[in-house]
Amino acid sequence: MNEIICPNCNKAFKVDEAGFADILKQVRDHQFEEEILNRLSLAEKEKESAVKLAEANVRNSLQEQLAKKDKELTELKAQKDAELSQKLSQKETELLQIKAKLENAEVAKKLAVTEATQKIEKERDELANVVKGKDTERQLLEKSLNEKYLSELKEKDAIIKHKDEEIALRKDMKLKLSTKMIGETLEQHCETEFNKLRATAFQRAYFEKDNDTKSGSKGDFIYRETDEAGNEIISIMFEMKNEGDETATKKRNEDFLKELDKDRTEKKCEYAVLVSLLEAESEYYNSGIVDVSHKYNKMYVVRPQFFIPIITLLRNAAMNSLQYKAELALVKNQNIDITNFEEKINTFKDGFARNYDLASRKFKTAIEEIDKTIDHLQKTKDALLSSDNNLRLANQKAEDLTIKKLTHGNPTMKAKFDELK
């Protein structure tokens, strides 16, 4: 048992071990708490003191730093003021220099503007003169083109008229190969054509109707020509056959060849010629002079336009053989060997055959050339008509020529013209 005295009443009481330990614990805990509180209070005071001290130290340090900064700021401000004043003075100097340069530049600008203006005005005047000249040139060009156009139109019309007439003539020549003569019979036509040349080309020729019917038949015309001595140069039996389009039964040239050969023989003519408009669509007979000697000796079929040429061809060939005929008479009179004569006659026949063949080919060539000429003239006419259209387009382009189109796509020229406006 332990005895404990109460501090308040000074009385002693006893407690067992457990109670004593409990009391002791309470006392110890109470003291510990008081000690903790005291320590905490002390620590709080120390803290406050430390804080105040720290604050004072910081305040002092900040005041020192502030004072230092103020001093530095004052020094820096003074330095900056000096530098600023120096820079300001420098800037003012530069400003004055720039101002002087600006004034000089303004004067130079005015001078450049004046020079440029004078140059532009000069160019404008020159351009105006060029435009005026171009306008005059355009007017002259339009006038020239119009005059040329009218002249060429007149010339074209004259050429077209001439070509039309020539084409018509060529076509007429070709059409006459296959159509009957209008307004007259074929016999009258041939007789008229011969009489036109009788006085100049056939002065010693006989060309008359065959009126001898003793043998039972007759041809249409007989052509005979003699030389000054009365020797016969050539003789031709002519038969003319013309058939109208309205004829129901169409005849052929071959239907009359046999009778013509009979008339030639009976009338003692050297050649026989059928002048025919039959078989108008036949290319064979339309090709020129047709030699039918393979059927009947010395016989030809021609279209009316070859009536005079066949006479001329046969006559010229006969004139070439006239010398041989004269020699023949001389040979007969002098009893010269007939063999030589026959050889010469054969030579003449061969020469005549060659001449005829050449002439026949030339007649065919002439017909082909007529066709080519007609085609060429037609193309010429078409070209002239086309040139009329081109001249019209050229005139339209000349009339449509404007300053606006001339300056299209050329901004420099457009600007110049805009300034002129």
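Residues numbered from 1 in each chain as written. Predicted model: local features only at pLDDT ≥ 70, side-chain atom pairs only at ≥ 80, totals over all residues. Heavy atoms only, no water.

1. Let's talk about helix H3 (residues 257–266)
For an α-helix the count is 3.6 residues per turn, leaving residues at separations of three or four pointing the same way. Every buried residue of H3 is accounted for by Leu257, Leu260, Asp261, Asp263 and Arg264. Mapping the buried residues of H3 onto a view down its axis gives an arc of 160°, with all of them on the same face. Looking at the packing, one finds that the buried side of H3 touches strand S5 (232–241), strand S6 (271–276) and strand S8 (299–302). After H3 finishes, the residue lysine 268 shows a positive phi value of roughly 55°. (Buried < 20%, exposed > 50% of the residue type's maximum accessible area, 1.4 Å probe, protein only. Helix = DSSP H or I, 4+ residues; strand = E, 2+ residues; numbered from the N terminus. Arc of directions from axis to C-beta. Contact = heavy atoms within 4.5 Å.)

2. Notes on the pairing of S6
Burial analysis of S6 places six of its six residues in the buried class, the great majority of the element. Neither face of S6 is exposed, since Tyr271, Val273 and Val275 on one face and Ala272, Leu274 and Ser276 on the opposite face are all buried. As defined by bridge partners, S5 adjoins S6 across six bridges and the pair is classed as parallel. Residue pairing for S6: methionine 240 is matched across the bridge by valine 275. Pairing of S6 with S8, which is carried by four bridges, proceeds in the parallel orientation. Across the sheet, the residue bridging to valine 275 is valine 302, located in S8. (Pairing = 2+ DSSP bridges.)

3. Overview of the packing of aromatic side chains
Tallied over the entire structure, the rule returns ten aromatic pairs. Taking 4.8 Å as the distance between ring centres and 20° as the angle between the ring planes, the aromatic pair formed by phenylalanine 194 and phenylalanine 202 counts as stacked. There is no split in this pair, since phenylalanine 194 and phenylalanine 202 are both buried. Both rings, one in tyrosine 284 and one in tyrosine 285, keep their centres 4.9 Å apart while their planes meet at 65°; by these two values the pair is edge-to-face. Each residue in the set Phe194, Phe202, Phe207, Phe221, Tyr223, Phe238 and Phe307 is aromatic and connected to the rest through ring pairs, giving one cluster. Lying over the aromatic face of phenylalanine 221, lysine 209 brings its terminal NZ or CZ to 5.2 Å of the ring centre. Residue placement shows lysine 298 over the ring face of tyrosine 271; its charged tip is 5.2 Å from the ring centre. (Phe/Tyr/Trp six-rings, centres within 6.5 Å; stacked < 30°, edge-to-face > 60°. Lys NZ or Arg CZ within 6 Å of the ring centre and 35° of its normal.)

4. Points about the pattern of salt bridges
With the rule as written, the count across this model stands at eleven salt bridges. When the shortest N-O distance is used, the salt bridge between glutamate 187 and lysine 209 registers 2.7 Å. Of this pair, glutamate 187 sits in helix H2 (residues 186–201) while lysine 209 sits in strand S3 (residues 205–209); the two residues are 22 residues apart in sequence, bridging distant segments of the chain. You can call glutamate 187 partly exposed: its relative accessible area is 26%. Exposure remark for lysine 209: the relative accessible area of 30% places this residue in the partly exposed category. Ionic pairing is found between lysine 241 and glutamate 239, a salt bridge with its closest N-O pair at 3.4 Å. What makes glutamate 239 buried here is its relative accessible area of 10%. (Salt bridge = Lys/Arg side-chain N within 4 Å of Asp/Glu carboxyl O.)

5. Looking at a nonpolar patch on the surface
A surface patch of nonpolar side chains, about 280 Å² in accessible area, is lined by Ile36, Leu37 and Leu40. Structurally, the position occupied by leucine 37 is in helix H1 (residues 17–175). Accessibility expressed as a relative area gives 55% for leucine 37, which makes it exposed. (Patch = residues over 30% accessible without salt bridge, like charges linked within 9 Å, V, L, I, M, F, W, Y side chains within 5 Å. Areas by Shrake-Rupley, 256 points an atom, 1.4 Å probe, with all protein chains shown as cover.)

6. Focus on the sheet that holds S6
Two orientations exist for strands paired in a sheet by backbone hydrogen bonds: parallel and antiparallel. If you walk across this open sheet you meet the six strands as S3-S4-S5-S6-S8-S7, and the pairing is mixed. Two strands bound the open sheet, and with one partner strand each, they are S3 and strand S7 (290–291). Docked against the sheet, H2 engages S3, strand S4 (221–226), S5 and S6, running at close to 160° with respect to S3. (Axes fitted to C-alpha atoms, helices over the stretch in contact; angles between N-to-C directions.)

7. Observations regarding unusual backbone geometry
You will see that glutamate 279, though not glycine, has its phi angle at about 50°, which is positive. In this structure, glutamate 279 sits in the loop between S6 and helix H4 (283–286). Relative accessible area serves as the criterion here: at 27%, glutamate 279 is assigned to the partly exposed category. Phi angles above zero are rare outside glycine, and lysine 298 is one such case at about 50°. Mapping lysine 298 onto the fold places it in the loop between S7 and S8.

All we've got here are geometric facts, nothing functional implied.
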